[in-house]
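Residues per chain, in single letters:
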Amino acid sequence: MPAAPYLLPDDLKGDPTLARLTTIDDDALAAYIAEFEGIAEGYRGVAFTPRTQTDRVIDPPGPCIILSRHMVRTVASVTVDGSTVNPAAVSLDAPAGLLVLPTSGWSLTSLTAPLPVVEVVYEHGFDAPPAGLLRACRQYVRATALRDQQAVERDVIAQGFDGGGYTRYATPGPNNPTGFIEVDRLLNSLPDFRAGTAI
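Rules used in this analysis
Residues numbered from 1 in each chain as written. Predicted model: local features only at pLDDT ≥ 70, side-chain atom pairs only at ≥ 80, totals over all residues. Heavy atoms only, no water. Helix = DSSP H or I, 4+ residues; strand = E, 2+ residues; numbered from the N terminus. Buried < 20%, exposed > 50% of the residue type's maximum accessible area, 1.4 Å probe, protein only. Pairing = 2+ DSSP bridges. Axes fitted to C-alpha atoms, helices over the stretch in contact; angles between N-to-C directions. Core = buried A, V, L, I, M, F, W, Y, C linked by side-chain atoms within 4.5 Å. Contact = heavy atoms within 4.5 Å.

A.B. asks: In this structure, what is going on with the environment of Asp192? I would like to understand it.
C.D. replies: With respect to the helices and strands, the residue Asp192 is situated in the segment after helix H4 (181-188). Spatially, the C-alpha atom of Asp192 lies 4.8 Å from that of Arg44, the residues being 148 residues apart in sequence.

A.B. asks: Which parts of the structure should I look at to understand the pairing of strand E7 (residues 117-124)?
C.D. replies: On a regular strand, one side chain projects to one face of the sheet and the next to the other, so that they alternate. For E7, the tally of buried residues reaches six of eight residues, placing the bulk of the element in the interior. Taken together, the eight bridges between strand E1 (residues 51-58) and E7 define a ladder with antiparallel strand orientation. Residue pairing for E7: Thr54 is matched across the bridge by Val121. The pairing of strand E3 (residues 72-80) with E7 spans seven bridges and is classified as antiparallel. Bridging across to E7, Val75 finds its partner in Tyr122.

A.B. asks: Please clarify how the sheet that holds strand E5 (residues 91-93) should be interpreted in this entry.
C.D. replies: Two pairing modes exist for strands in a sheet, parallel and antiparallel, and in both the strands are linked by backbone hydrogen bonds. Taken in spatial order, the three strands line up as E2-E6-E5 in an open sheet, and their pairing is antiparallel. The open sheet has two edge strands, strand E2 (64-66) and E5, and neither has a second partner. Pairwise comparison of adjacent strand axes, ignoring direction, gives a mean angle of 20° for this sheet. Of the strand pairs in this sheet, E5 and strand E6 (residues 98-100) are connected by three bridges, and their pairing is antiparallel.

A.B. asks: Help me understand the nonpolar core, please; the structure alone is not making it clear to me.
C.D. replies: What tends to happen in soluble globular proteins is that the nonpolar side chains get buried as a cluster. Counting 27 residues, the largest nonpolar core has Phe36, Leu133 and Leu187 as the members making the most contacts within it. Every element with two or more residues in this core is listed here: helix H2 (26-44), helix H3 (131-149) and H4. Counting residues per element, this core draws most heavily on H3, which supplies eight residues. Apart from the residues within four sequence positions on either side, Phe36 is in contact with Tyr6, Leu133, Ala136, Cys137, Tyr140, Val183 and Leu187. Residues Val90, Val118, Val120 and Tyr122 belong to the second largest nonpolar core, which totals 13 residues.

Take a look at the structure:
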């Protein structure tokens, strides 16, 4: 089952502050929303809505496996070389995404055996996006849609004007993933679950 999007096109079109978006078709709005979801979840290191993930780990060094996603909700299945491991026998540190396989029922690689493959299917993420993230999504869709409708080249970093005026546009960077100041401020206000970051 695919994850529910943060917002639907109708959520945006019904917002009076986003009235100009009524000229953009629903497929384009849905694409902007999906683009923002990818940016937000990659930047903060966590899904803000429940999502399903399948991780394949080839030749794990031991029974501990760090899953690619944090905030694990449930483990649906675990297999080692195609043999099912009872999910109830698996230990899980859900916030960190650390899975510990039972010590019996599988073995580490030997020189003569093929590399073992562990496959884990699980659901991860928060119940629903927080209000600040929804506001950031609205702002991102509005700014991106309006920018895409302009006749200005999208790769312009700065622009000079006839009266001597000069504008330098915000651009994406390590701490501002979208280049839109308000969107990035809202994203930076959320907890960071990326590897190596204290939570």
